[in-house]
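Examination of the molecular architecture
Listed below, chain by chain, are the residues.
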Amino acid sequence: MHSSNQAEEEALPDKISYNFDIRPILSDKCLACHGPDANKRKAGLRLDDPESAFKILKEHPGAHALVAGKPELSEVFLRISSQDTSALMPPVNSGLKLNAREIKLIEKWIKQGATYEKHWAFVAPKKPELPEIDNEDWPRNEIDYFILAKQEQKGLSPNEEADKERLLRRLSLDLTGLPPSLELMEQFMADKSDNAYEKAVDQLLKNPAYGEKMAVHWLDLARYADSHGYQDDGYRTQWPWRDWVIHAYNTNMHYNDFVTWQLAGDFLKSPNGWSGPGTASKEQMLATGFNRNHKITEEGGVIPEEYRIGYVTDRTDLFGKGLLGVTMECAHCHDHKYDPFSQKEYYRLFAFFNNVKEIGIESVIGGPDTYAKKPLMEICDEDVKNILSFVNKRDTNKLIVSVMTDLDTTRKTFLLKRGAYDAPGDEVQPGTPSSILPFNESYPKNRLGLTKWMFDPKNPLTARVYVNQLWQQFFGKGIVKTAGDFGMQGELPTHPELLDWLAVDFREHGWDIKRLVKQMVTSATYRQSAVITPEKLQTDPDNKYLARGPRYRVDAEFVRDLVLSSSGLLNRQIGGPSVKPYQPPGLWEGATSGRGLLSMYVQDHGPKLYRRGMYTLIKRTVPPPSMAIFDASNRDLCEVRRLKTNTPLQALIMLNDPTVLEASRVLAAKLLEEKTGIDDKISKAFQLIVSRKPKEKEVSVLSAYYDKELKGLDKSRAEKALAVGEYPIPKKVDKVQLAALMRIVSTIYNLEETITKS
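Since we're looking at a predicted model, the values are computed, not measured.

1. Section: a negative patch on the surface
Negative charge collects at one region of the surface, where E132, D134, E136 and D137 lie side by side. Relative to the assigned elements, E136 resides in the loop between α6 (100-111) and α7 (142-153). Exposure remark for E136: the relative accessible area of 48% places this residue in the partly exposed category.

2. Focus on unusual backbone geometry
Residues M89 and P90 are joined by a peptide bond in cis, for which omega reads -10°. When you line up the elements, P90 lands in the loop between α5 (75-80) and α6. Backbone geometry at R635 places phi at a positive 65°, although glycine is not the residue there. Mapped onto the secondary structure, R635 falls in the loop between α24 (625-629) and α25 (648-656). With a relative accessible area of 3%, R635 lands in the buried category.

3. Brief notes about the nonpolar core
If you look at the biggest cluster of nonpolar residues, it comprises 171 residues, and the most contacted ones within it are W218, W244 and Y255. Counting residues per element, this core draws most heavily on helix α30 (residues 735-749), at 10 residues. Sequence-distant contacts of Y255, defined by excluding residues within four places in its chain, comprise W218, L323, F455, T462, Y466, F506, W511 and I513. In terms of nonpolar packing, the next biggest core, distinct from the first, is built from 26 residues, L12, L26, I80 and I103 among them.

4. Comments concerning the packing of aromatic side chains
Evaluation of the coordinates by the stated rule reveals 36 aromatic pairs. Centre to centre, the rings of Y249 and F258 are 5.1 Å apart; their planes meet at 55°, and the pair counts as tilted. You can call Y249 buried: its relative accessible area is 3%. With relative accessibility at 1%, the residue F258 sits in the buried group. When the ring of W471 is compared with that of F475, the centres are 4.0 Å apart and the planes differ by 20°; the resulting orientation is stacked.

5. Points about the packing of helix α8 (residues 164-176) against helix α9 (residues 182-190)
Contact geometry for α8 and α9: axes closest at 10 Å, N-to-C directions at 130°. The orientation of α8 relative to α9 falls into the category oblique. The two elements α8 and α9 cross, and the hand of that crossing is right-handed. Of α9, the residues touching α8 (which contributes K164, E165 and L168) are L184, M185, F188 and M189. In terms of residue class, the contact of α8 with α9 is built from 5 nonpolar, no polar and 2 charged.

Thresholds applied
Residue positions within a chain follow its written sequence, with the count starting from 1. Local features in this predicted model are restricted to residues whose pLDDT is 70 or higher, and side-chain atom pairs enter the listing and the counts only when it is 80 or higher, whereas totals over whole chains, interfaces and linings include all residues. To get the side-chain values, take all heavy atoms of the structure and skip hydrogens and water. Residues with no salt bridge and a relative accessible area higher than 30% make up the patches, which join like charges within 9 Å and nonpolar side chains (Val, Leu, Ile, Met, Phe, Trp, Tyr) within 5 Å. Accessible areas in this description were obtained via Shrake-Rupley with a 1.4 Å probe; residue shielding takes into account the shown protein chains only. One speaks of a salt bridge when a side-chain nitrogen belonging to Lys or Arg is within 4 Å of a carboxyl oxygen belonging to Asp or Glu. Charge counting follows a simple rule: Lys and Arg are positive, Asp and Glu are negative, and His as well as the terminal groups are ignored. Throughout, a charge is located at the NZ atom of Lys, the CZ atom of Arg, the CG atom of Asp or the CD atom of Glu. Only DSSP runs of H or I covering at least 4 residues are called helices, and only runs of E covering at least 2 are called strands; the numbering of each starts at the N terminus. Here's how the labels work: a residue is buried when its accessible area is under 20% of the maximum for its type, exposed when over 50%, partly exposed in between, all with a 1.4 Å probe on protein chains only. Residues belong to one nonpolar core when they are buried, are Ala, Val, Leu, Ile, Met, Phe, Trp, Tyr or Cys, and are joined through side-chain atoms within 4.5 Å. Residue contacts are defined here by distance: any two heavy atoms, one from each residue, within 4.5 Å place the two residues in contact. Aromatic pairs are defined between Phe, Tyr and Trp rings, using the six-membered ring for Trp, whenever the two ring centres lie within 6.5 Å; interplanar angles under 30 degrees are classed as stacked, those over 60 as edge-to-face, and all others as tilted. An axis is simply a line fitted to the C-alpha atoms; with a helix, the fit covers only the stretch in contact. Between two such axes, the angle follows the N-to-C directions and lies from 0 to 180 degrees. Working rule for angles: under 35 degrees goes down as roughly parallel, over 145 as roughly antiparallel, 65 to 115 as roughly perpendicular, anything else as oblique. Handedness of a helix crossing follows the sense of rotation of the near helix relative to the far helix, less than a right angle counterclockwise being left-handed and clockwise being right-handed. All amino acids are sorted into three groups, where Ala, Val, Leu, Ile, Met, Phe, Trp, Tyr, Cys and Pro are nonpolar, Asp, Glu, Lys and Arg are charged, and the leftover types, Gly among them, are polar.

Without other data, these values stay purely geometric and don't point to any function.
Spelled out as structure tokens, the structure:
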């Protein structure tokens, strides 16, 4: 029988890693007093820096914090294991304490040489060998080897595969943002072949709705909105860029081209050519709208240079967080407190975005049009007939989109003291953080050169970051949970070898996004049932090791899409201007200055009311309320991971929102027109909404509820219940029956399972 100490010793890794075993302990328990913040540092000791950690201690001449191989001579170990409370570290009054395992990890690390490592995310990934596993029958592709190996280490085993109904629903929501159609459900359930699931994957990847679903995350990252932001918050027409993003995903533009066009399309040489700046095509120019989505002021009396610097800062911060997964913005005013980025390096990166042909104020709402409006691109009908055929331009009005064009001469860039626009310091040249990858001097010192640096095989972040963002979309959270922070203060990857394998594999296969998506959704890991046992809940409550399928609420846009699609109301038109669906009155009017096109909310009508959620007009100062309640981004800044909250307001939206009630009425009317019994109508509604056939008990309960409602309603109350939405009520339908069935459909929409992906 082993003692607890023996078991604890056996639980330690054979080789202790500074990055994965030691630094998390130091970060939590030690670095507040012995870390990078010089103002708070005690005893002159910095434990995250080996040069400092191995020096003789100032307060204890002859003593060292660390002595490689000798914990008995290392003050760090002696202090954390001391029985003397006056010498113990962390101090007793700090509220922090190392547990026995943490002390043993540090002791073993020192015995093994106290080796420091470069931060894991700043080391270029190498493709590891597939790990050995006990259950060779489970994996369907390489992903599963890494997942199962970790599960076996933790004493876990994977769930069985989800049943076909739930699996198809999960897949359809993930790849299109829509529930599967009845036809697809019937086709999939009837297909008994071994590759039935893979055929469904391929079919959904070809669906135009795939591009719409994938684009939503990118719109968050790119802070896309339909208004300028700030106080006046006037309208802007960036939606053709959104059409391009959908088009790029649907045509499977590979990630390296996808990003290069958006960052530097104006520098590219197009095979088609056009008469605009350089030799870039209009499509390549349109793609650069990515970096013109930021907020822009239209207020008179502002200092233009202050706002222009703000725009450049926004682009620099987005580049760091969205594309590199690091918090570069922390170095805007001073050297980064935790990551190895100096303020000078921040402004060297800033320099790549500082040469755009723009000023701080483009126009003034209600004022004369005397301000520059550059760089802009006009899209005419001829463009849409030819190279920009994916742009949903429905009228002959001028269509002006903000894009990127640099000045003919280079604008000088200076380090800004304290980040203030009017406090220039030393001049800096374009460059990149050396801790990530020094800038190759053979690259041009412009945004095109920056993309070459991004996709250099030695760049440690680009592939890892996007792979992680995709993993987050399909599994609920990333392999690195902090998708926008791969730095020292970010979460460690739960499966570092898998992340590296996927990153290298993604690069080796030409940055092919659809291939990567298919790789993830065809894995045995993805196909698991979401059923949870008490044992698994206790061992892995957060499902970090993926021994069951993920279960979480779908994003705000897709809550709306699910309701509209299942009811048959969904307008499947792709792209085009944003629309204004139902919204509580007075929100805009109470929050604007009363000027401009967006000072009053004028609701759309007809088919525009039933567009997908991603086309809802986003006014930054007053974002769509129902989507905000379901945690949608207001698109002020780059966002790579939405928070998921629970609030009673979400239930109230599903109970009272006009879109949900109208969808309930419309679906109920369609069912009443069918010559079937009430149980069949309820079963069909259930299948359309929840994407599975109901159990007998569920039909029985809902049928009894229908009978109760039918008896309790009269024509007057029924007409009142039906007076919602614009979609017409069929003339021949019995209104009492319709109101009763509408209540049943509404109840199904309010099932927790309806808006949860499991």
